[in-house]
Amino acid sequence: MTSTGMGGNLQIVCANCQAPPVPGSKLRYCGRCLCTQYCGKLCAAADWAEHKLACESLRRGHDGDMAEHEEAGGTRKEFRQGYREDANFFAGVPGLKNEME
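Structural notes, computed from the coordinates. In this text, all values refer to a predicted model and were calculated from it rather than measured experimentally.

What counts and what doesn't
Throughout, residues of each chain are indexed from 1 in the direction in which the sequence is written. Only residues with pLDDT of 70 or above have their local features reported here, since the model is predicted, and side-chain atom pairs are shown and tallied only from 80 upward, although totals for entire chains, interfaces and linings are computed over all residues. With hydrogens and water set aside, each side-chain value is computed from the structure's full complement of heavy atoms. Orientation is described by axes fitted as lines to C-alpha atoms, over the contacting stretch for helices, and by angles from 0 to 180 degrees between their N-to-C directions. Secondary structure elements are taken from DSSP: a helix is a run of H or I of four residues or more, a strand is a run of E of two residues or more, and numbering for both begins at the N terminus. In this scheme, roughly parallel covers angles under 35 degrees and roughly antiparallel covers those over 145, while 65 to 115 is roughly perpendicular and the rest are oblique. Left-handed describes a crossing in which the near helix is turned anticlockwise from the far one by less than a right angle; the clockwise case is right-handed. We call two residues contacting when some pair of their heavy atoms lies within 4.5 Å. Note on terminology: disulfide denotes any pair of cysteine sulfur atoms within 2.5 Å. For our purposes a nonpolar core is just a set of buried Ala, Val, Leu, Ile, Met, Phe, Trp, Tyr and Cys residues, chained together by side-chain atoms within 4.5 Å. Think of it in three bands: with a 1.4 Å probe and only protein chains considered, a residue is buried below 20% of the maximum accessible area for its type, exposed above 50%, and partly exposed in between. Each reported salt bridge corresponds to a side-chain nitrogen of Lys or Arg within 4 Å of a carboxyl oxygen of Asp or Glu.

Let us look at the packing of helix α1 (residues 41–71) against helix α2 (residues 76–91). Running from N to C, α1 and α2 cross one another at 125°; their axes reach a closest spacing of 9 Å. Considered as vectors, α1 and α2 are oriented oblique to each other. For the crossing formed where α1 meets α2, the hand is right-handed. On the side of α1, the interface is formed by H62, D65, M66, H69 and E70, while α2 contributes R76, E78, F79 and R80.

In structure tokens form, the structure reads like this:
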């Protein structure tokens with residue numbers, strides 16, 4: 001999940017508490033889908049009831065996309081970087097988050 005920080009810059013935030021990562025630290029991905037980010041295990045556990053509804057679908061999509069990328073000669077690192085860039089692009093579309101909720 002992303003949020004607009006000070007100065008209009010986009011920043012990645014915890015999917016549960018909406019907090020940015022602590023300076024010098026980074027958010028952790030869900031261990032199943034590898035898509036949703038949390039600041040820690042407590043937030044992941046607190047969000048599980050809602051996240052589990054989409055987690056399996058996200059995992060299948062992520063795994064399929066990763067396999068296609070690797071078959072085309074790409075690396076996992078490139079795939080993850082592209083995923084982050086795409087997420088940041090869509091987070092910057094004004095009003096998109098409100099339309100999806």
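So, about the state of the cysteines. For the structure on display, the rule yields 0 disulfides. No disulfide involves C33; its sulfur sits 3.8 Å from that of C30, the nearest cysteine.

Listed in full, the 9 residues of the largest apolar core are C14, A15, L27, C30, C33, C35, Y38, C43 and C55. When neighbours within four sequence positions are excluded, Y38 is seen to be in contact with C14, A15, N16, L27, R28, C30, C43, A44, D47 and H51.

With that settled, consider the pattern of salt bridges. Applying the stated criterion to the full structure yields 4 salt bridges. Of the charged contacts, one joins D63 and R59 as a salt bridge, the two residues approaching to 2.9 Å between their closest N and O atoms. Remark: R59 and D63 occur in helix α1; sequence separation between them is 4 residues, near one turn of the helix. Judged by relative accessible area, R59 falls into the partly exposed class, the value being 28%. The partner of R76 in a salt bridge is E70, and the shortest N-O contact between them spans 3.0 Å. E70 sits in the partly exposed class, given a relative accessible area of 33%. Several salt bridges converge on common partners, so that one network encompasses E56, R59, R60 and D63.

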